[in-house]
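Residue-level structural notes
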Amino acid sequence: MAPSRTRPLSPSTVSVLRALADGVTYGFDVMDATSLASGTVYPILARVERRKLVVASWEDPATHRDTGRPARKYYRLTESGRVALDDAMARYRALGTLDPERA
C-alpha cells in the first residue's frame, strides 16, 4: 500500500492549532488569539475536524438559551492534532519561517 500523503499544514492552520493547544476552545476566541478573520478560521476548523486533528462539541442548549445567544461549538486538539502541530512547527522552524512565540 502506498504511504498516506497529507498536505503540510499552512502557517494559518498552525496558528489555529497552536491556539487550541494553548487552551483556546471557541471560534471567536481563536480569531482573537490568531488575529485571523472568521473567513479563515472557520474553514480551517472544519478542515482539521474532518482530518480528526480536532474534535468539536456543541455546548448545552440550556446555556445559550439562558443567555439569549446562538449555540457555541467548542474545539479540542486530539493527540493526532498535537502530533501534526509539533511536526509542522518543527518543519517551519527548520525552514526558518516560524517564530515559535507568534505561531
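Each chain has its residues counted from 1, following the order in which its sequence is written. Totals for whole chains, interfaces and linings use every residue, but because this is a predicted model, local features are given only for residues with pLDDT of at least 70 and side-chain atom pairs only at 80 or more, for both listing and counting. To get the side-chain values, all heavy atoms of the structure are used, and hydrogens and water are removed first.

Patch criteria: residues need more than 30% relative accessible area and no salt bridge. Like-charged residues are merged within 9 Å; nonpolar side chains of Val, Leu, Ile, Met, Phe, Trp and Tyr are merged within 5 Å. To be clear on the numbers: accessible area is Shrake-Rupley with a 1.4 Å probe, and residue cover counts the displayed protein chains and nothing else. We define a salt bridge as a side-chain nitrogen of Lys or Arg found within 4 Å of a carboxyl oxygen belonging to Asp or Glu. Counted as positive: Lys and Arg. Counted as negative: Asp and Glu, with His and the chain ends omitted from the count. Charged side chains are reduced to one point each, which is NZ for Lys, CZ for Arg, CG for Asp and CD for Glu. On the surface, Arg7, Arg47, Arg50 and Arg51 cluster together into a patch of positive charge. Each helix is a run of DSSP H or I of at least 4 residues and each strand a run of E of at least 2, with the numbering of both proceeding from the N terminus. Looking at where Arg50 falls in the secondary structure, it is placed in helix H3 (residues 38–50). Residue Arg50 is classed as exposed on the basis of its relative accessible area, which comes to 61%. The buried label applies to any residue whose accessible area, calculated with a 1.4 Å probe on protein chains only, is under 20% of its type's maximum; exposed applies above 50%, and partly exposed to all values in between.

A few words now on unusual backbone geometry. Positive phi outside glycine occurs at Ser35, with the angle close to 60°. Turning to its location among the elements, Ser35 is positioned in the loop between helix H2 (27–34) and H3. The phi angle at Lys52 is positive, at roughly 65°, despite the residue not being glycine. Counting through the fold element by element, Lys52 comes out in the loop between H3 and strand E1 (54–58). Residue class for Lys52 comes out exposed when judged on its relative accessible area of 60%.

Moving on: the packing of H2 against H3. Here, axes are lines fitted to C-alpha atoms. For helices the fit covers the stretch in contact, and angles between N-to-C directions go from 0 to 180 degrees. Where H2 meets H3, the axes come as close as 10 Å, and the angle between the chain directions of the two elements is 120°. On the basis of their axis angle, the class for H2 and H3 is oblique. Handedness of the crossing formed by H2 with H3: right-handed. Residue-level inspection shows Gly27, Phe28, Val30, Met31 and Thr34 of H2 in contact with H3, the latter providing Ser38, Val41, Tyr42 and Leu45. To sort the angles, those under 35 degrees are grouped as roughly parallel, those over 145 as roughly antiparallel, those from 65 to 115 as roughly perpendicular, and the leftovers as oblique. Crossings are sorted by hand: turned counterclockwise from the far helix by less than a right angle, the near helix makes the crossing left-handed, and turned clockwise it makes it right-handed. Contact definition: two residues touch when any of their heavy atoms are within 4.5 Å.

That is the geometry; function is a separate question.
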